[in-house]
Amino acid sequence: MSEGRRITVAFVDWNGNITIDEAAAEADIRKAAVAESILRETENALKSLVIEAGDFQGDTASAIGEKSQELLTKVRKLMSDLENMQSYTRQVVARYRKLDQEIKEYFEKNARM
């Protein structure tokens, strides 16, 4: 993700509490999965380029191989970051589902009293 664009799945309610928009969180996870798929294709292309650059000789081939390897490292870092974001978002959504269920059960229990 670029620094200027942030994925947002939370907002503040009228009491100042952070709440989760589950649909937005799921949409963000899907977008991240698409981006990750594109990065996998890029990773495969860069791997091929590194291998092919190694088959040639000269400064240009060497420079292409080095730059491709550098980009490959960055792509892998981005993929890892996306995987972590998806995992964290799923954990947050699960936590809020659990909290919502506990609150619902609390009110149902107290409504009977």
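For the structure given in this document, a descriptive report is provided here. If you're wondering where the values come from, they're calculated on a predicted model, not measured in any experiment.

Next up on the list: the pattern of salt bridges. Inspection of the entire model under this criterion finds 9 salt bridges. For E43, the salt bridge identified is with R76, shortest N-O distance 2.9 Å. Of this pair, E43 sits in helix α1 (residues 22–55) while R76 sits in helix α2 (residues 59–111), and the two are 33 residues apart along the sequence. A relative accessible area of 10% places E43 in the buried class. The residue K74 makes a salt bridge to E70 at a minimum N-O spacing of 3.7 Å. Of this pair, K74 and E70 are both found in helix α2, 4 residues apart, which corresponds to roughly one turn of the helix.

Attention now moves to a nonpolar patch on the surface. Together, L99, I103, Y106 and F107 make up an exposed nonpolar region whose accessible area comes to about 410 Å². Along the chain, the position of Y106 falls in helix α2.

On to α1. Across its 34 residues, α1 extends 50 Å between first and last C-alpha, which sits within 8% of the 50 Å expected from 1.5 Å per residue. Inspection of α1 places A25, D28, I29, A32, E36, L39, E43, L46 and A53 among the buried residues, and these make up the whole buried set. Buried residues belonging to α1 abut α2. The distance from a side-chain oxygen at the start of α1 to the backbone nitrogen of A23 is 3.2 Å, and the residue carrying that oxygen is D21.

The next thing to look at is the environment of T42. Locating T42 in the fold gives a position in helix α1. Since its relative accessible area comes to 31%, T42 is described here as partly exposed. For the pair formed by T42 and L71, sequence separation is 29 residues and the distance between their alpha carbons is 9.4 Å.

One pass over the full model with this rule turns up 1 aromatic pair. A ring pair is formed by Y106 and F107, whose centres lie 5.5 Å apart and whose planes are at 75°; its orientation type is edge-to-face. Accessibility assignment for this pair places Y106 and F107 in one class, exposed.

About the thresholds
Residues numbered from 1 in each chain as written. Predicted model: local features only at pLDDT ≥ 70, side-chain atom pairs only at ≥ 80, totals over all residues. Heavy atoms only, no water. Salt bridge = Lys/Arg side-chain N within 4 Å of Asp/Glu carboxyl O. Helix = DSSP H or I, 4+ residues; strand = E, 2+ residues; numbered from the N terminus. Buried < 20%, exposed > 50% of the residue type's maximum accessible area, 1.4 Å probe, protein only. Patch = residues over 30% accessible without salt bridge, like charges linked within 9 Å, V, L, I, M, F, W, Y side chains within 5 Å. Areas by Shrake-Rupley, 256 points an atom, 1.4 Å probe, with all protein chains shown as cover. Expected span 1.5 Å × (residues − 1). Contact = heavy atoms within 4.5 Å. Polar contact = N/O pair within 3.5 Å; in protein donor to acceptor, adjacent residues only side chain to side chain. Phe/Tyr/Trp six-rings, centres within 6.5 Å; stacked < 30°, edge-to-face > 60°.

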